[in-house]
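Observations on chain architecture
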Amino acid sequence: MSTFRIDPRLCAVCRGRGWCGLSYCPLLAKRIASYKLKRVTGSRELFGSSPPSVFVGRYGYPVVNIGPSAPPVTGDTSIYDLPEKWIDLKLEDILGYRWSLITGSRRIDVDAPRRGDSFLDKIYEVVLSIKPVDVELILEKPPRPVISFSEYEPPQGPRAPLEKVRVVANPRIPKPIDRVYNDFDLKASDAIILLYREGIPVSMIQKILSIGAVGYYRYRRLVPTRWSITAVDSTISEYLIDKIKNYQEINNIMVFLRRFYDNLFIVVFYPGKWSYEWMEAWWPGSTWNPSPSEVVVEADHEEYGGRTTYPEIGGCYYASRLAVAEYLYRIKRQATVIALREIYPGFNLPIGVWFVRENLRALLKSKPILVTSDFREVLELIDRETKLGVKKWVEKSYLLRKILYYKSILEYIGASEK
Amino acid sequence: MARISYPEAKYMRTIIEVLGKLIDEVAFRITPDGVYVKAIDAARVALIDIFLPPTAFIEYEVPEEVIAGLSTANLAKLLKKVKKGDKFVMEVDEENVKIIIESTIRRTYRFRNLEVTVPEIPEAQLEFNVEAHLLVDVIRHAIKDAEAVGDLLEIEAPDQETLFMRGRGASITETKLVKGSPALMELVVKEPSKSIYNLEYLKYIVNLTKIAELAVLRFSSDMPLELEFSLGEGRVKYLLAPAAV
């Protein structure tokens, strides 16, 4: 955490009131975590309840780091690794939770689920459970208090090589999870959808996929956490989009808006066949923009037929698409959807794509701030609410331009579609 | 029941691939006067109109009009493997559509005849100010070049002699054609015209240049573009709305 360049004198007078312009207080967050970690630093043994939580690394694939995580506390720790619940929390609290999760990891081959591995069996016991499981981790050396960030995964706490793990309590494995785990002839993608339909949280499905507990037996393997998150978002949203395409188009334009910790989200639903666009504008000083002055705007889209290539913008494309598809599936309509996000300088920590998914889910639970049939009103709203301004957004956006500029061929030939 | 047999399955594959980019389900209207396909893409920007006369087929037994409704994705899948010289046979009744690929071996596929709503599209009575007869390769190259710089293609006919095709984006590429050159066989300009079209939609039909040799390009300022590919016997017409940038 050496990257903070805040004047210490400012902190002394601000005391967590956000004067530094960041959307969370780094001192407080660090304080909360180190308080919880105090009990374990210096010790090689850790006893706690795993939320359940697991991390599968991606470096060195196909030999990767894998290990369970647990905070040094027992009881209901599920909130430590359940992004679905985090959206109502303060950023300091989320970081506090995450940083106090200690991961004991070991390097194993990704093929291990197929070959059988006693270490992996213990991880299954922990991760397949819907409730926190008490575990005892014996580490090879005391965990280093290193704290990590990534664009994809939620923030990670300290890590250390694992010597031994003991599952102390009985896991509670829900029926659908037990079923897909024991069904060796069920495709992984079908298993993901089955779990989703049974109401298992997306973050939980991601963990189950990453430990290789689903799929045809001979294809079972470990999936690095970062890949499995996008895989699950993409698989579920594709399934929903397939259904959405059979629904009627919406009648009016709807616009939703949400501001959250130096982030602005706007989603526009436009009457038409399914197509989707996701755009992000990073201000200088925000997480992914080191430039001193220039706002960086990225956009990616798909037409009715879907994509064949991975979007340049990354996993948040699929995370956002999932939230949007869930909404359309809920209202049983299809639409052309343009979703955009502005990230202002105060938001400088990479926190994971869950942030996008959960924010959009929350946004789409609210009421639309504008329902209209006049697209000009939408443009005015975007101009008013965004800092970037409508002109720049339209320049970047394929779908906005398409709506504005591409006329229907029917206008020219005077036909009506049945 | 109708039975038609097309001598070159590869041509059929190209046509289906192009259709697949625009629509999910296709309705072949098979009448005693020929086979018609008309479709508008999901975003309603482009219209494709295919006509194959009975003479294009080696076997054509159509006592009355039938409609064969098929999924383009399924059709494209089975046509993926066809080789040059394979024969494409289609047998249609109310319930089923049977597709037979005849080569050294005979493969038969049976599908349910899907109910695909045929869009009611009147014969487009559009007047065009420019008409050009071109080699298809020219169109393909112009589209490929334009793709490298942006997502728009500008077509301009400033006078009776020249036709420009420009890719517009961060930079500009330009293809200049002069009347009388082997690439531009004929050019009729009633009124100098200039218009811009979405490359995304032109890319879809680039494959048609594989099976056609000549194309007729018609357009007017800020009006749709019509590309007509002649396939020996039969034709494919593609009508694309302009992009008003």
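Residues numbered from 1 in each chain as written. Chains lettered and ligands numbered in written order. Predicted model: local features only at pLDDT ≥ 70, side-chain atom pairs only at ≥ 80, totals over all residues.

**Considerations on the overall build of chain B**
The line we're drawing: Labels follow the DSSP assignment, with helices taken as runs of H or I lasting at least four residues and strands as runs of E lasting at least two, numbered in each case from the N terminus. With C-beta atoms placed from the backbone, a residue counts as buried when 20 or more other C-beta atoms lie within 10 Å of its own, as exposed when 12 or fewer do, and as partly exposed for counts between those limits. Residues are defined as contacting one another if the C-beta atoms placed from their backbone atoms lie within 7 Å.
Within chain B, the secondary structure is distributed over four helices and 18 strands. Seen through its C-alpha atoms, chain B measures out along the principal axes to roughly 55 × 35 × 30 Å. Taken across its 245 residues, chain B has 38% of its residues classed as buried. Within chain B, counting contacts between residues at least 6 apart in sequence, those at least 24 apart form 66% of the total.

**A short note on the overall build of chain A**
Condition: Taken over C-alpha atoms, the radius of gyration is set against a globule rule of 2.2 Å times the number of residues to the power 0.38.
Secondary structure summary: chain A contains 16 helices and 14 strands in total. Over its C-alpha trace chain A gives a radius of gyration of 23 Å, about what one expects of a compact globule, namely 22 Å for 418 residues. Residue burial in chain A is summarised as follows: out of 418 residues, 45% are buried. Across chain A, the fraction of contacts at a sequence separation of at least 24, relative to all contacts at a separation of at least 6, is 74%.

**Topic: the domain arrangement of chain A**
Residue and element names in this part refer to chain A. Rules: What marks off one domain from the next here is an automatic or database domain assignment. Note on residue classes: Ala, Val, Leu, Ile, Met, Phe, Trp, Tyr, Cys and Pro are nonpolar, Asp, Glu, Lys and Arg are charged, and everything else, Gly too, is polar.
Considered domain by domain, chain A is made up of domain 1 (22-167), domain 2 (175-244) and domain 3 (248-407). Ranked by residues supplied to the side of domain 2 that touches domain 3, first place goes to helix H10 (residues 225-244) with 10 residues. Grouping the constituent residues of the side of domain 2 that touches domain 3 by class yields five nonpolar, four polar and two charged.

**Details of the sheet that holds strand S14 (residues 184-189) of chain B**
Working definition: the strands of a sheet are paired by backbone hydrogen bonds and lie parallel or antiparallel to each other. All names here are of chain B. To keep things clear, this is the line we draw: Only strands that DSSP links by at least two bridges are regarded as paired with each other. Axis lines are fitted to C-alpha atoms, over the contacting stretch for helices. Their N-to-C directions set the angle, which ranges from 0 to 180 degrees.
With antiparallel pairing, the nine strands of this open sheet are ordered in space as S6-S2-S3-S4-S18-S17-S16-S10-S14. The strands lining the two open edges of the sheet, one partner per strand, are strand S6 (66-71) and S14. On average, each strand axis in the sheet is inclined to that of its neighbour by 15 degrees, with strand direction left out of account. Of the strands in this sheet, strand S2 (25-31) and S6 touch helix H2 (residues 72-79), which is tilted by about 80 degrees from S6.

**Things to note about the environment of Lys237 of chain B**
All names here are of chain B. With respect to the element layout, Lys237 can be found in strand S18 (residues 235-240). According to the C-beta neighbour criterion, Lys237 is partly exposed, with 17 such atoms within 10 Å. Separated by 199 residues in sequence, Lys237 and Lys38 place their C-alpha atoms 9.4 Å apart. Leaving out residues up to four positions away in the same chain, Lys237 has contacts with Asp49, Glu226 and Glu228.

**Notes on the nonpolar core**
For the record, the criterion: Joining buried Ala, Val, Leu, Ile, Met, Phe, Trp, Tyr and Cys residues through C-beta atoms within 7 Å gives a set, and that set is a nonpolar core.
The biggest cluster of nonpolar side chains holds 100 residues, and the ones touching the most others in it are Ile192, Ile208, Val267 and Val324 of chain A. Among the elements that make up this core, the one with the highest residue count is helix H11 (residues 316-331) of chain A (10 residues). In contact with Ile192 of chain A, not counting residues within four places along its chain, are Ile205, Leu209, Val214, Val232, Thr235 and Ile236 of chain A. Membership of the second largest hydrophobic core comes to 80 residues, among which are Ile409 of chain A together with Val37, Met165 and Leu208 of chain B.

**Some thoughts on the packing of helix H8 (residues 188-197) of chain A against H10 of chain A**
Residue and element names in this part refer to chain A. Under the convention used in this document: Note on angle classes: values under 35 degrees are labelled roughly parallel, values over 145 roughly antiparallel, values of 65 to 115 roughly perpendicular, and the remainder oblique.
The contact between H8 and H10 brings their axes to 10 Å, and the two run at 75 degrees. Looking at the two axes, H8 sits roughly perpendicular to H10. Here Ser189, Ile192, Ile193 and Tyr196 of H8 lie close against H10, whose contacting residues are Val232, Thr235, Ile236 and Tyr239. Grouping the constituent residues of the contact of H8 with H10 by class yields six nonpolar, two polar and no charged.

**Quick look at the packing of helix H9 (residues 202-210) of chain A against H10 of chain A**
Residue and element names in this part refer to chain A. The condition that has to hold: Handedness of a crossing follows from how the near helix is turned relative to the far one, being left-handed for an anticlockwise turn of less than a right angle and right-handed for a clockwise one.
Contact geometry of H9 with H10 gives a least axis separation of 9 Å together with a crossing angle of 125 degrees. The orientation of H9 with respect to H10, classified from their angle, is oblique. Here the hand of the crossing between H9 and H10 comes out right-handed. Contacts from Val202, Ile205, Gln206, Leu209 and Ser210 of H9 reach H10 at Thr225, Ser228, Ile229, Ala231, Val232 and Ile236. For the contact of H9 with H10, the class distribution of residues is seven nonpolar, four polar and no charged.

**Overview of unusual backbone geometry**
With omega at 0 degrees, the peptide bond leading from Pro51 of chain A into Pro52 of chain A counts as cis. Position of Pro52 of chain A among the secondary structure elements: in the loop between strand S1 (45-50) and strand S2 (54-56). Pro62 of chain A follows Tyr61 of chain A through a cis peptide bond whose omega is 10 degrees. Phi is positive for Tyr261 of chain A, which is not a glycine, with a value near 45 degrees. With respect to the secondary-structure elements, Tyr261 of chain A resides in the loop between strand S8 (253-260) and strand S9 (263-270). The class for Tyr261 of chain A is partly exposed, based on 17 C-beta atoms found within 10 Å. You will see that Asp222 of chain B, though not glycine, has its phi angle at about 50 degrees, which is positive. On the neighbour-count criterion, Asp222 of chain B (13 C-beta atoms within 10 Å) is partly exposed.

**Let's talk about the sheet that holds strand S1 (residues 2-6) of chain B**
Residue and element names in this part refer to chain B. As summarised here, the arrangement of the five strands in space is S5-S1-S7-S8-S9, forming an open sheet in which the pairing is antiparallel. Edge positions in the sheet fall to strand S5 (59-61) and strand S9 (106-112), since each has one partner strand and no second. Going across the sheet, the axis of each strand differs from the next one's by a mean of 15 degrees, ignoring polarity. Pairing of strand S8 (residues 96-102) with S9, which is carried by seven bridges, proceeds in the antiparallel orientation.

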